[in-house]
Amino acid sequence: MSQKINLRVWLKIPDAEAATVKNTLIRRLGFGNVLADVKKERLFSIEVDSGDPQELAKSFAKELVNENKESHIVLIDELLFEEGYVPVKVALHIEDGEAISIRERLRSRLGFENVVDVKKATIWKLFFKTLKPEAEIKAIEVAEKLLINPHKDTYEIMG
Amino acid sequence: MKIAVMQFPGTNCEFETLLAVKTVGMDGELFRWNRPEGELSGFDGFIIPGGFSYQDRLRAGVIASKEPVMNTLKEEAGKGKPIIGICNGFQILVETGLLPGSVNGSGCGKVDMALAQNVMVSQGKIVRRGYYCDWVNLRHEAPSKRCSGSFTIERGALLRVPIAHGEGNLVTTTPGLVEKLNEEGQVVFRYCDKNGRVINEFPFNVNGSTESIAAICNEQGNVLGMMPHPERAFFAWQLPAFDPRKQRPDEPGPGRRVFESMKRYIEVNA
């Protein structure tokens, strides 16, 4: 039976991309009254068909996470987020060359033949001054106005 | 005849572009993104050069597309003034909705396509992805006078111009858009081999772009977006060593024709 190893990875140092997104949302797109902060994570979802997922997660993290500047947490067969923000998952709906490269690197170069699939996404953590469900409505607006180009990206509001 | 060469944080081809503008006999100046946007109405045409505006954060061109100057450029485009977006400039025009553009040419802000991450495919396999720079051959697909940036270029003409980008893969989910671009003569350049044959795989199609499309214009033809860099092939001495024209440095380079076209377009439409 396959299992999914989720690695949530974020910068320990200031994230300039998240700062730029926050700045654009507030200064250019009119979210200043409702948006408090924006943070960003990378998400790797690695499907394996054998092996101890916790041990495998440690090995994958060594390859995919730079501990000098990044932190991460591992979630097996689940994807949970903290309270206080609306997580928006953005991923490509066209072929994701980077995810394919990571899969091939793990399988062929690093010998993890139990890797079945790799998916990659960005998690935008939107901190609003308002509460749900209004915050989620605003998150949809943020996603569609800035975070995605629908011709290549999809988004999902993670509950 | 005054051209504004737009400059965003991270633009990196503005000086070459301005030199090209002036060398073909137009006047021009750099226009920083944070100048009062109303001053743009005093220009006769606009070029958004290449580079990495805002470090390509989020995705190439999207942050610049939200700047107030882009709203003004939409209005200026609606008046029929020419706008040429080169590489990152093309990405900005797409994210602004100016390309492929709305019916009245003013741009409705609807984004109808994307310039996605390069995926180079050969014989059904991904052989490479990501940033790529090389000299490419372009075939001019539109009739002459169809588009501001290729106004004086005859259909079928071949140009050798360099590319340098990581996100030039034209994709769309808009039904019928590519067919419409073809039918309306809005596909301006395609990647091809040195004989002008379009071969829809790497290394001829350098980024996986749909139907090897390298450049498109809006319906009115005044707004052009192209991934290759004509300003980097403006003089013959800029050409690669294997091109015999490099030995004749006084000759114009193939990219010059794009800037000459813009000038002629403005003269004809003044």
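Quick caveat, the model's predicted, so the values are computed rather than measured.

Let us now look at the overall build of chain B. When you go through chain B residue by residue, the secondary structure sums to six helices and 13 strands. The C-alpha radius of gyration computed for chain B amounts to 17 Å, which stays within 12% of the reference 18 Å derived for 270 residues, consistent with globular compactness. Once the C-alpha set of chain B is aligned to its principal axes, its extents read approximately 50 × 45 × 35 Å. Relative to all contacts within chain B whose residues are 6 or more apart in sequence, the contacts with residues 24 or more apart total 73%.

Tallying secondary structure elements over chain A gives four helices and six strands in all. If you list the helices and strands of chain A from N to C, you get β-α-β-α-β-β-α-β-α-β. Relative to the globule expectation of 15 Å for 159 residues, the C-alpha radius of gyration of chain A, 17 Å, shows essentially globular dimensions. For chain A, the C-alpha atoms occupy an extent of roughly 50 × 30 × 30 Å along the three principal directions. Residue burial in chain A is summarised as follows: out of 159 residues, 30% are buried.

Listed by partner, the interface residues are 19 residues for chain B and 17 residues for chain A. Listed by contribution, the elements that provide at least two residues to the side of chain B that touches chain A are helix H2 (62-65), strand E5 (114-116) and strand E7 (125-129) of chain B. Here the residues of the side of chain B that touches chain A sort into 11 nonpolar, three polar and five charged.

Turning next to the environment of Phe44(A). All names here are of chain A. Here phenylalanine 44 is to be found in strand E2 (residues 35-48). Sequence separation between phenylalanine 44 and lysine 119 is 75 residues; the distance between their C-alpha atoms is 5.8 Å. Once you skip the residues sitting within four places of it in the chain, phenylalanine 44 turns out to touch Leu7, Leu64, Val118 and Lys120.

Right, let's talk about unusual backbone geometry for a bit. Backbone torsion omega between Lys132(A) and Pro133(A) reads 5°, so that peptide bond is classified as cis. A positive phi is found at Asp77(A), a non-glycine position, where the angle reads about 55°. Its location among the elements puts Asp77(A) in the loop between strand E3 (70-76) and strand E4 (86-92). A positive phi is found at Ser212(B), a non-glycine position, where the angle reads about 55°.

Moving on, we get to the sheet that holds strand E4 (residues 83-86) of chain B. Residue and element names in this part refer to chain B. Read from one edge to the other, the open sheet built from nine strands follows the order E2-E1-E3-E4-E13-E12-E11-E8-E9, with strand pairing classed as mixed. Of all the strands in the sheet, just strand E2 (27-32) and strand E9 (158-165) have a single pairing partner and so form its edges. With direction set aside, neighbouring strand axes in the sheet form an average angle of 25°.

Our next topic: the sheet that holds strand E5 (residues 115-128) of chain A. All names here are of chain A. Pairing is antiparallel in the open sheet, where six strands are placed in the order E3-E1-E2-E5-E4-E6. Two strands in the sheet have a free side with no partner beyond their single neighbour: E3 and strand E6 (153-157). Put simply, the sheet's adjacent strands are angled 25° from each other on average, direction ignored. Inspection of the sheet shows strand E1 (residues 3-11) paired to E3 by seven bridges, in the antiparallel sense. Looking at the pairing, leucine 11 lines up with glutamate 70 of E3.

A few words now on the confidence of the model for chain B. Residue and element names in this part refer to chain B. Per-residue confidence for chain B averages 95 on the pLDDT scale, and 97% of its residues sit at or above 70. Counting interchain partners and residues more than four positions distant, the pLDDT-below-50 stretch residues 103-107 has 19 contacts. Under the prediction, the complex receives an ipTM of 0.93, its pTM being 0.95.

A few words now on helix H6 (residues 256-269) of chain B. Residues and elements named next belong to chain B. A rise of 1.5 Å per residue sets the reference length of H6, with its 14 residues, at 20 Å; its end C-alpha atoms lie 20 Å apart and thus fit the reference within 8%. Counting buried residues along H6, 10 of its 14 residues qualify, which places the element largely inside the surrounding structure. Those residues of H6 that are buried are in contact with helix H1 (14-23), strand E3 (45-48), E4 and E9.

The rules behind the values
- Residues numbered from 1 in each chain as written.
- Chains lettered and ligands numbered in written order.
- Predicted model: local features only at pLDDT ≥ 70, side-chain atom pairs only at ≥ 80, totals over all residues.
- Helix = DSSP H or I, 4+ residues; strand = E, 2+ residues; numbered from the N terminus.
- Rg over C-alpha atoms; globule rule 2.2 N^0.38 Å.
- Contact = placed C-beta atoms within 7 Å.
- Buried ≥ 20, exposed ≤ 12 C-beta atoms within 10 Å, placed from the backbone.
- Nonpolar A, V, L, I, M, F, W, Y, C, P; charged D, E, K, R; others polar.
- Pairing = 2+ DSSP bridges.
- Axes fitted to C-alpha atoms, helices over the stretch in contact; angles between N-to-C directions.
- pLDDT = per-residue confidence, 0-100.
- Expected span 1.5 Å × (residues − 1).

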